[in-house]
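Coordinates in review
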Amino acid sequence: MKIGRRTVNLSNTDKVLFPDDGLTKGDLVEYYETVGPHMTPYLRGRPLSLERYPDGIDAQQIFHQNAPQYFPDWIETAPMDRVDGSGQVSHAIARDTATLVYLANQACITPHSWLSRADRPDNPDQLIFDLDPPDGFEAARRGALDLRALLDDLGLPTVVKTTGGKGLHVHVPLDRTADFDTVRAFARDVAGVLVARDPKHYTIEQRKAARKGRLYLDIMRNAYGQTAVPPYAVRARPGAPVATPLDWSELDDPKLRTDHHTLRTVPHRLDHDGDPWPRLRGRSLTKPRKRLEQAA
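To keep things clear, this report deals only with the structure shown in the data block. (Residues numbered from 1 in each chain as written. Predicted model: local features only at pLDDT ≥ 70, side-chain atom pairs only at ≥ 80, totals over all residues. Heavy atoms only, no water.)

1. Some remarks on the side chain of threonine 203
Tracing the backbone through its elements, the reader meets threonine 203 in strand β13 (residues 202-203). Judged by its relative accessible area of 2%, threonine 203 is buried. Only 3.0 Å separates the side chain of threonine 203 from the backbone nitrogen of glutamate 205, close enough to count as a polar contact. With sequence-adjacent residues up to four places away left out, threonine 203 is seen in contact with Val195, Arg211, Arg214, Leu215, Tyr216 and Leu217. (Helix = DSSP H or I, 4+ residues; strand = E, 2+ residues; numbered from the N terminus. Buried < 20%, exposed > 50% of the residue type's maximum accessible area, 1.4 Å probe, protein only. Polar contact = N/O pair within 3.5 Å; in protein donor to acceptor, adjacent residues only side chain to side chain. Contact = heavy atoms within 4.5 Å.)

Here you go:
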């Protein structure tokens, strides 16, 4: 496949990766080729971990952090310090559509991206709240709207996406002046305020047994070396759901579910409506932290 200046040699494109849906590796390649121009702006400069299923989603998962040596030299890589300080890992970075297609041909169904970029790995340019509902989607919908209202009061813009799993991700763009410890502490305090306002519906308890039917406000991804599913990534689940950016108004749709958008539907959605996320300027947490102290 010729993509820009790159040529990607494809193999076994008729290999079925999603048995219940009849979706093949060729379908995955075609999907990432189509969404690449919309997806790569969210990935450039970010170290990736690769979730691969060479024999389909019902078979063994391979999770790569280190980019294999057989990757072509035109795929960008970045040596990043391990979380435990025991050396470095060379992570792949998807700076163009050709890289996404190459990874799809390696049966990488889901690339997972860092919340920081390789040039300043200790300073994230986004904060993510992972809303994990106990059951159903309504709890995630309510939580996202309540969280957005609180962050609006703090002067922080937000965007929201489905995860392709159970819940929603609420993103806050940052200006990379704060380190991960500062960002994570801020996220924890924001979640704490939401829990204090509505302890019946929200919790920050990590243990499932302690949540007692409440929405879990997960802030644990906001740390060095942690990853999140990026916009437009396919998930290794029946139906091939996609982590899909939403306009906030779409949460009013009673038909919306977190697996509503799939590998089959997202290309048409992008072709018809484009990417709904605005290009937001990264914000400092200095003033929002002061406002949060007052709110607390």
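2. Details of the packing of aromatic side chains
Scanning all chains against the criterion turns up six aromatic pairs. Taking 5.5 Å as the distance between ring centres and 85° as the angle between the ring planes, the aromatic pair formed by tyrosine 42 and tryptophan 277 counts as edge-to-face. Linking tyrosine 42 in the loop between α1 (25-39) and β5 (48-52) with tryptophan 277 in the loop between α5 (266-273) and α6 (286-295), this pair joins segments that are 235 residues apart in sequence. Assigned by exposure class, tyrosine 42 and tryptophan 277 land together as buried. Note on tyrosine 70 and phenylalanine 71: the rings are 5.5 Å apart at their centroids and 70° apart in plane angle, and the pair reads as edge-to-face. Judged by relative accessible area, which is 10%, phenylalanine 71 ranks as buried. One aromatic cluster is present, built from ring pairs that chain together Tyr70, Phe71, Trp74 and Tyr102. It is arginine 211 that lies over the ring of tyrosine 216; its NZ or CZ is 4.0 Å from the centre. (Phe/Tyr/Trp six-rings, centres within 6.5 Å; stacked < 30°, edge-to-face > 60°. Lys NZ or Arg CZ within 6 Å of the ring centre and 35° of its normal.)

These values are about where atoms sit, not about what they do.
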